[in-house]
Amino acid sequence: MSEFVTIFEMGPRDGLQNEKQFVPTELKIQLVDRLSDCGFRKIEVTSFVSPKWVPQMADAQDVMDGIYRHPAVVYSVLTPNVKGYTAARKASADEVAIFGSASEGFSRKNINCSVAESIERFKPLLEKAQHDDMPVRGYVSCVTDCPYDGPTPPEKVADVARQLFELGCYEISLGDTIGAGTPETIGKMLDAVLEHVPASRLAGHFHDTKARALENIEVSLAKGLRIFDAAVGGLGGCPYAPGAKGNVATESVVALVERMGFETGIKSDRLAEVVEFARGLRRTDA
Ligand code: HMG
Ligand code: MG
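So, how was this worked out
Counting restarts for each chain, with residues numbered from 1 along the sequence as it is written. To read the labels, note that chains go from A and ligands from 1, taken in the order they are written. pLDDT decides what is reported in this predicted model: residues at 70 or higher carry local features, side-chain atom pairs at 80 or more are listed and counted, and totals for whole chains, interfaces and linings draw on all residues regardless. The side-chain values count all of the structure's non-hydrogen atoms but skip hydrogen atoms and water molecules. UniProt positions are given in the numbering used here, feature names are shortened, and annotations may be inferred rather than shown by experiment. A helix here means a DSSP run of H or I that spans at least four residues, while a strand means a run of E at least two residues long, and both kinds are numbered starting from the N terminus. Buried means the residue's accessible area, taken with a 1.4 Å probe over protein chains only, is under 20% of the maximum for its type, while exposed means over 50%, and partly exposed covers the values in between. Residue contacts follow a heavy-atom distance rule, with two residues in contact if any of their heavy atoms lie within 4.5 Å. We call a residue near a molecule or strand as soon as one heavy atom of that residue lies within 4 Å of the molecule or strand. What qualifies as a polar contact is a pair of N or O atoms within 3.5 Å, subject to a donor-acceptor requirement within protein and to the restriction that residues adjacent in sequence count only when both atoms come from side chains. Residues are called lining when one of their atoms sits within 4 Å of a cavity or pocket point, these points coming from a 1 Å grid over the protein atoms alone, where a cavity is a set in which a 1.4 Å probe fits but cannot get out and a pocket is an open set with protein on both sides within 12 Å along at least five of seven lines. Throughout, a molecule is located in a cavity or pocket provided that more than half of its atoms lie within 2 Å of its grid points. Amino acids outside the nonpolar list (Ala, Val, Leu, Ile, Met, Phe, Trp, Tyr, Cys, Pro) and the charged list (Asp, Glu, Lys, Arg) are all regarded as polar, and Gly is one of them. For Na, K and Ca the donor cutoff is 3.2 Å, while for all other metals N, O and S atoms must lie within 2.8 Å; water is not among the atoms, so some sites may look incomplete. Stacked, tilted and edge-to-face pairs are distinguished by plane angle, under 30 degrees for stacked and over 60 for edge-to-face with tilted covering the rest, among Phe, Tyr and Trp rings (Trp via its six-membered ring) whose centres lie within 6.5 Å. The criterion for a charge sitting over a ring is simple: Lys NZ or Arg CZ within 6 Å of the ring centre, and within 35 degrees of the ring normal. Here the expected span of a helix is defined as 1.5 Å times the quantity of residues minus one. Two axes are fitted around each residue, one to the seven residues ending there and one to the seven starting there, and the angle between them is reported as the bend at that residue.

In the annotation of an unreviewed UniProt entry, the entry for the protein reads Hydroxymethylglutaryl-CoA lyase YngG, and the organism field reads Roseibium album.

1. A word on the UniProt feature "domain: Pyruvate carboxyltransferase" (unreviewed entry) in the protein
UniProt tags residues 5-272 as "domain: Pyruvate carboxyltransferase" (unreviewed entry). The distance separating the terminal C-alpha atoms of residues 5-272 is 19 Å; by composition the span is 41% helix and 18% strand.

2. Observations regarding helix 5 (residues 104-111)
Those residues of helix 5 that fall on the buried side of the exposure criterion are Gly105, Phe106, Ser107, Asn110 and Ile111. In this structure, the buried side of helix 5 is in contact with strand 4 (95-101), helix 6 (115-132), strand 5 (136-141) and strand 6 (145-146). The positive-phi residue at the C-terminal boundary of helix 5 is Asn112, with phi of around 65°.

3. Digging into unusual backbone geometry
Note: most residues except glycine have negative phi, and most peptide bonds are trans. One non-glycine residue with positive phi stands out, namely Ser92, at about 60°. Of note in the backbone geometry, Ala211 takes a positive phi value of approximately 60° without being a glycine. Relative to the helices and strands, Ala211 resides in the loop between strand 9 (202-206) and helix 9 (213-222). Classification of Ala211 as exposed rests on a relative accessible area of 58%.

4. What to know about the site of ligand 1
Neighbouring ligand 1 are 27 residues, the closest being Gln17, Asn110, Asn112, Ser141 and Thr177. At a separation of 2.6 Å, an oxygen atom of ligand 1 approaches a polar side-chain atom of Ser141. Given that more than half its atoms are within 2 Å of the pocket grid, ligand 1 belongs to the largest pocket. Elements represented by at least two residues in the shell around ligand 1 include exactly helix 1 (11-15), helix 4 (82-90), helix 5 and strand 5. For the shell around ligand 1, the class distribution of residues is 11 nonpolar, 11 polar and five charged.

5. Here's the deal with the coordination of the magnesium ion (ligand 2)
Each protein donor to the magnesium ion (ligand 2) is listed here as Asp14 (OD), His205 (NE2) and His207 (NE2); together their distances run 2.1 to 2.3 Å. For the magnesium ion (ligand 2), the donor residues sit on a single chain with the sequence spacing D-x190-H-x1-H. A relative accessible area of 5% places His205 in the buried class. Given a relative accessible area of 3%, His207 falls into the buried group.

6. Overview of the packing of aromatic side chains
In this structure the tally under the stated criterion is one aromatic pair. Ring plane angle 50° and centroid distance 5.4 Å describe the contact between Trp53 and Tyr240, whose orientation is recorded as tilted. With Trp53 in the loop between strand 2 (42-47) and helix 3 (60-66) and Tyr240 in the loop between strand 10 (227-230) and helix 10 (250-259), this pair connects stretches of sequence that are 187 residues apart. Sitting over the ring of Phe22, Lys28 keeps its end group 3.9 Å from the ring centre. Sitting over the face of the ring of Phe4, Arg41 holds its NZ or CZ atom 4.0 Å from the ring centroid.

7. Observations regarding helix 6
Taking 1.5 Å per residue as the helical rise, helix 6 with its 18 residues ought to reach 26 Å, and the 26 Å between its terminal C-alpha atoms agrees with that figure. Helix geometry: helix 6 is bent most strongly at Lys123, by close to 25°, with proline Pro124 lying one to four residues after it. Within helix 6, burial applies to Val115, Ser118, Ile119, Phe122, Leu125, Leu126 and Ala129. Residues of helix 6 that are buried in the fold lie against helix 4, strand 4, helix 5, strand 5 and helix 7 (154-166). Positive phi shows up at Asp133, right after helix 6, with a value of about 60°.

Okay, structure coming up:
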């Protein structure tokens, strides 16, 4: 039997959070429901963040209330603090994700605190989650380059990843937030992180600004990673990372890894229909 690669679908959250025009809640719900039929095991639905910071995600509760819950899918949400965690619990999220950064500049712009302060802020959230048996995923952003601070030292990424892992995150997603990573810088960064966190607990989260995401996935596969974040139709960008384009397109990742002999469980014909739908959502921003 072939080896499995898990694709964590980011379209509804990372894909839509940066759209300038508000995407109607009903369309967000439709996007999630259509994705639920494609064979994904994990979908990141929305963010319980400050609506002043990310207005596009202000309807998080309504989206969670409106989606169909496919029994085989884990529906995850972003939670930056205990307030977001409490809201996520109320919305019956299956899983939450905290998001830190390996660079100080992005941490301040994105979550309004230093890297060290962010870790302190995550601790009470992680304690509550442990008590509730709620799985917590941890993101580390700017793993090779930061839009404010320049190149990120691999040791810094390893240090933040280790701290989040030791605090109880079941998986660490390594974010090339602005898509500036190359196979060389991603490879060096992974070597540093792998000294502290096993490959089975790492995910690659690549934005495709410079069209290197697929190469970066190949390097990550060679280092043992088997979980990749991607957004249908390549939707996306981060409001606090100028120049960040969309996540690597899910359909491209499926094609790449299946060509390499991995299984994904994704139904490509259904996915192709959602790609069209997702492109239509983008047109609302034209
Ligand atoms: P702050 O202003 O320092 O927070 O923001 P605060 O605690 O002082 O609260 C300020 C106001 O926000 C208060 O309301 C709070 O109640 C409210 P007010 O009294 O002024 O009316 N508030 C909240 N409201 C709803 N939900 C919450 C929440 N928390 C506070 N959870 C904060 C700090 C973290 C809240 C803010 O900076 C924030 O929400 N940031 C989110 C930024 C974001 O979502 N960025 C995009 C996601 S990260 C990403 O895309 C990268 C990733 O894809 C990986 C990669 O690519 O690298 C994951
Ligand atoms: Mg991202």
